[in-house]
Amino acid sequence: MYVISYGDRAALSIALPTLGREFTLSPVQMGWVSSSFLWSYFLLNLPSTMLLDRKGARLIGSLAVSLWSFAMLLGGMVHNITQFLMTRVLLGVGEAPTFGVGATVVRNWALPKERGSVMTVLLTGMQLGLAGGTIAGAYLIALFGWRFEFMALGIIGLIWATIWWMVYRAPAEKASAPARAPFSVASIQNLFRSPSFLGILVVQCTQNYLNFLVMSWMPLYLIHELHIDITGTGTRTALCYLSAALGAIIIGRILEHITFRNGIHPPRRRFIVAICLTGAATIGFLPHFHTMTPILFILGGSLACLIAANGANTALLTDLIEDGDKIGTVTGVTLTCSNSLGLFAPIVTGYIVSYTGRFDMAWYMCSAGLIGAGALSLLLVRAPISMRSSP
């Protein structure tokens, strides 16, 4: 599901140069188009995951992927930029519960001591999707045009939705459990009173900003810096994503082994988060290099650390939340806040490129934010997260 989700997101980033020429878009307009699916995505993160907690990952997973895949099919049929933006908004509606579904499945099935590694492996689906969507999209665009690319990826999603409905089942004790009380406004307020939740949230916001910046602008950045064509850009972008996926698994597994070698103590995952965010902050060195090898090395290494940090941070949330049956909704709260910041990444970067002609300031901002988020994680994330009011 993560592979397909991010493959569909990558479809736009690799198609953006061609689509921009067809619809005569400026860099600022490209930034707004890149962020368009996030307009509905972040608004529906919480409502969709609340529904997920009540209806389960099987039904919501199938419906979500079917809806966003239908949006991809429509995206390949549009005649103007307004129609295209409407399909991107529909894509965001479908993708809203994606991470809630993932967190729910991990909470239900993964052993506590392995949740960080499992979550990191799961999140590598993002990079595999971006890699596959970028390289496949580049060649599909070169051979058949960007419209065919969108429609082909939409069909793949519909096939997955059918298979998920046929094969996935919740654990027996979850399937037979009585209905839980709905998630209340007071519970959300209690979340924001928890220093641990705030620390996790800051990390999620910061890493999401860089994630959406790279996802939206990396192909155009490589074209700008390396002066290569669309297929060359797709290949090199895919290489960055694939190396990041492999590196994240290795980094996450090693750090988890070291951190928990003397026993499980979940708050210690914050050290993994801080170390990985520091590694991701090397993205700030990009403005000092203008040749292929160092640019790809920095991008791949930074993204690997970012995924590992995301996996550890998400595992922190699943470990520390006291009411595990609400993990989907809690994930929705986190994503609503983090995506509300992340949606500005493509837009702000578009303005930076438009006014300066370069990406430098965008990379510096991300680097500083990642270091600050790592420090806050170390300071704040210590105690369990309660959604209940204190007696």
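Below you will find a few notes about this structure. (Residues numbered from 1 in each chain as written. Predicted model: local features only at pLDDT ≥ 70, side-chain atom pairs only at ≥ 80, totals over all residues. Heavy atoms only, no water.)

### Some points on the overall build of the chain
For step 1, the next point in the chain: The helix and strand tally for the chain stands at 16 helices and zero strands.
For step 2, the next point in the chain: Taking 391 residues into account, the globule formula puts the C-alpha radius of gyration at 21 Å, and the chain, at 20 Å, falls close to it.
For step 3, the next point in the chain: For the chain, contacts bridging at least 24 residues in sequence account for 85% of all contacts bridging at least 6.
For step 4, the next point in the chain: For the chain, the exposed surface amounts to about 15500 Å²; the carbon and sulfur share of it is 71%. (Helix = DSSP H or I, 4+ residues; strand = E, 2+ residues; numbered from the N terminus. Rg over C-alpha atoms; globule rule 2.2 N^0.38 Å. Contact = heavy atoms within 4.5 Å. Areas by Shrake-Rupley, 256 points an atom, 1.4 Å probe, with all protein chains shown as cover.)

### Some words on a nonpolar patch on the surface
For step 1, the next point in the chain: Residues Leu59, Leu63, Ile155, Ile159, Ile163, Trp165, Met166 and Val167 make up a contiguous nonpolar surface patch of about 780 Å² in total accessible area.
For step 2, the next point in the chain: Those elements giving two or more residues to the nonpolar patch turn out to be helix H3 (57-75) and helix H7 (146-167).
For step 3, the next point in the chain: A total of six residues in the nonpolar patch trace back to one element, the largest contributor, which is H7.
For step 4, the next point in the chain: Note on placement: Ile155 falls in helix H7. (Patch = residues over 30% accessible without salt bridge, like charges linked within 9 Å, V, L, I, M, F, W, Y side chains within 5 Å. Salt bridge = Lys/Arg side-chain N within 4 Å of Asp/Glu carboxyl O.)

### Description of the pattern of salt bridges
For step 1, the next point in the chain: This model, assessed by the stated rule, comprises seven salt bridges.
For step 2, the next point in the chain: Two residues, Arg253 and Glu256, come together in a salt bridge whose shortest N-O distance is 4.0 Å. One end of the pair, Arg253, and the other, Glu256, are both in helix H11 (residues 230-259), three residues apart, so they sit about a helical turn from each other.
For step 3, the next point in the chain: Because the salt bridges share partners, they merge into one network encompassing Arg253, Glu256, Arg269 and Asp319.

### Topic: the packing of aromatic side chains
For step 1, the next point in the chain: Within this structure, the stated rule accounts for 18 aromatic pairs.
For step 2, the next point in the chain: Relative to Phe99, the ring of Tyr2 lies with its centre 4.9 Å away and its plane at 55°, an arrangement referred to as tilted. Here Tyr2 is found in helix H1 (residues 2-23), whereas its partner Phe99 is found in helix H5 (residues 98-109), with 97 residues between them in sequence.
For step 3, the next point in the chain: One aromatic cluster is present, built from ring pairs that chain together Phe23, Phe84, Trp146 and Phe150.
For step 4, the next point in the chain: Over the ring of Tyr41 we find Arg9, and its NZ or CZ is 5.0 Å from the ring centre.
For step 5, the next point in the chain: One Lys or Arg, Arg58, reaches over the ring of Trp165 and ends 3.6 Å from the middle of that ring. (Phe/Tyr/Trp six-rings, centres within 6.5 Å; stacked < 30°, edge-to-face > 60°. Lys NZ or Arg CZ within 6 Å of the ring centre and 35° of its normal.)

### What to know about the side chain of Ser36
For step 1, the next point in the chain: In this fold, Ser36 is placed in helix H2 (residues 27-55).
For step 2, the next point in the chain: Engagement of the side chain of Ser36 in a polar contact is seen with the backbone oxygen of Val33, the distance being 2.6 Å.
For step 3, the next point in the chain: Apart from the residues within four sequence positions on either side, Ser36 is in contact with Leu85, Arg88 and Val89. (Polar contact = N/O pair within 3.5 Å; in protein donor to acceptor, adjacent residues only side chain to side chain.)

### Quick word on the side chain of Thr349
For step 1, the next point in the chain: Inspection of the secondary structure assignment puts Thr349 in helix H15 (residues 344-356).
For step 2, the next point in the chain: Beyond its immediate stretch of four places on either side in the chain, Thr349 contacts Leu213, Trp217, Phe359 and Ala362.

### Some details on helix H13 (residues 292-320)
For step 1, the next point in the chain: Taking 1.5 Å per residue, 29 residues should reach 42 Å; H13 reaches 42 Å between its end C-alpha atoms and fits that length.
For step 2, the next point in the chain: In terms of residue burial, H13 counts as a mostly covered element, since 24 of its 29 residues are buried. (Expected span 1.5 Å × (residues − 1). Buried < 20%, exposed > 50% of the residue type's maximum accessible area, 1.4 Å probe, protein only.)

### What about H7?
Residues three or four positions apart in an α-helix share a direction because the helix packs 3.6 residues into each turn.
For step 1, the next point in the chain: Spanning 22 residues, H7 covers 32 Å between terminal C-alpha atoms, matching the ideal 32 Å at 1.5 Å per step.
For step 2, the next point in the chain: Elements that come into contact with the buried residues of H7 comprise H1, H3, helix H4 (81-95), H5 and helix H6 (115-144).

### Some words on the state of the cysteines
For step 1, the next point in the chain: This model, assessed by the stated rule, comprises zero disulfides.
For step 2, the next point in the chain: Looking at Cys240, it has no disulfide partner, and the nearest cysteine sulfur is the one in Cys305, 14 Å off.
For step 3, the next point in the chain: Residue Cys366 stays outside any disulfide, its sulfur separated by 13 Å from that of Cys205, the closest cysteine.
For step 4, the next point in the chain: On the basis of relative accessibility, which here comes to 5%, the residue Cys366 falls in the buried class. (Disulfide = S-S within 2.5 Å.)

### Quick notes on the nonpolar core
For step 1, the next point in the chain: Trp146, Leu299 and Trp363 are the most contacted members of the largest nonpolar core, which totals 117 residues.
For step 2, the next point in the chain: Of the residues forming this core, the biggest block, 17 residues, is contributed by helix H10 (residues 195-226).
For step 3, the next point in the chain: If we skip the residues at most four places from it in the chain, Trp363 touches Leu210, Leu213, Val214, Tyr221, Ile283, Gly284, Leu286 and Pro287. (Core = buried A, V, L, I, M, F, W, Y, C linked by side-chain atoms within 4.5 Å.)

### Describing unusual backbone geometry
For step 1, the next point in the chain: Unusually for a residue other than glycine, Thr24 sits at a positive phi of about 55°.
For step 2, the next point in the chain: Inspection of the secondary structure assignment puts Thr24 in the loop between H1 and H2.
For step 3, the next point in the chain: Taking the relative accessible area as the measure of exposure, Thr24 reaches 66% and is therefore exposed.

### Some details on the packing of H11 against H13
For step 1, the next point in the chain: In contact at an axis separation of 7 Å, H11 and H13 are set at 45° when each is read in the N-to-C sense. It follows from the interaxial angle that H11 and H13 lie oblique. Every pair of crossing elements has a handedness; the one defined by H11 and H13 is right-handed. On the side of H11, the interface is formed by Arg236, Leu239, Cys240, Tyr241, Ser243, Ala244, Ala245, Gly247, Ala248, Ile251 and Gly252, while H13 contributes Met292, Leu296, Leu299, Gly300, Leu303, Ala304, Cys305, Ile307 and Ala308.
For step 2, the next point in the chain: Across the contact of H11 with H13, the residue classes tally to 15 nonpolar, four polar and one charged. (Axes fitted to C-alpha atoms, helices over the stretch in contact; angles between N-to-C directions. Parallel < 35°, antiparallel > 145°, perpendicular 65-115°, else oblique. Left-handed = near helix turned anticlockwise from the far one by under 90°. Nonpolar A, V, L, I, M, F, W, Y, C, P; charged D, E, K, R; others polar.)

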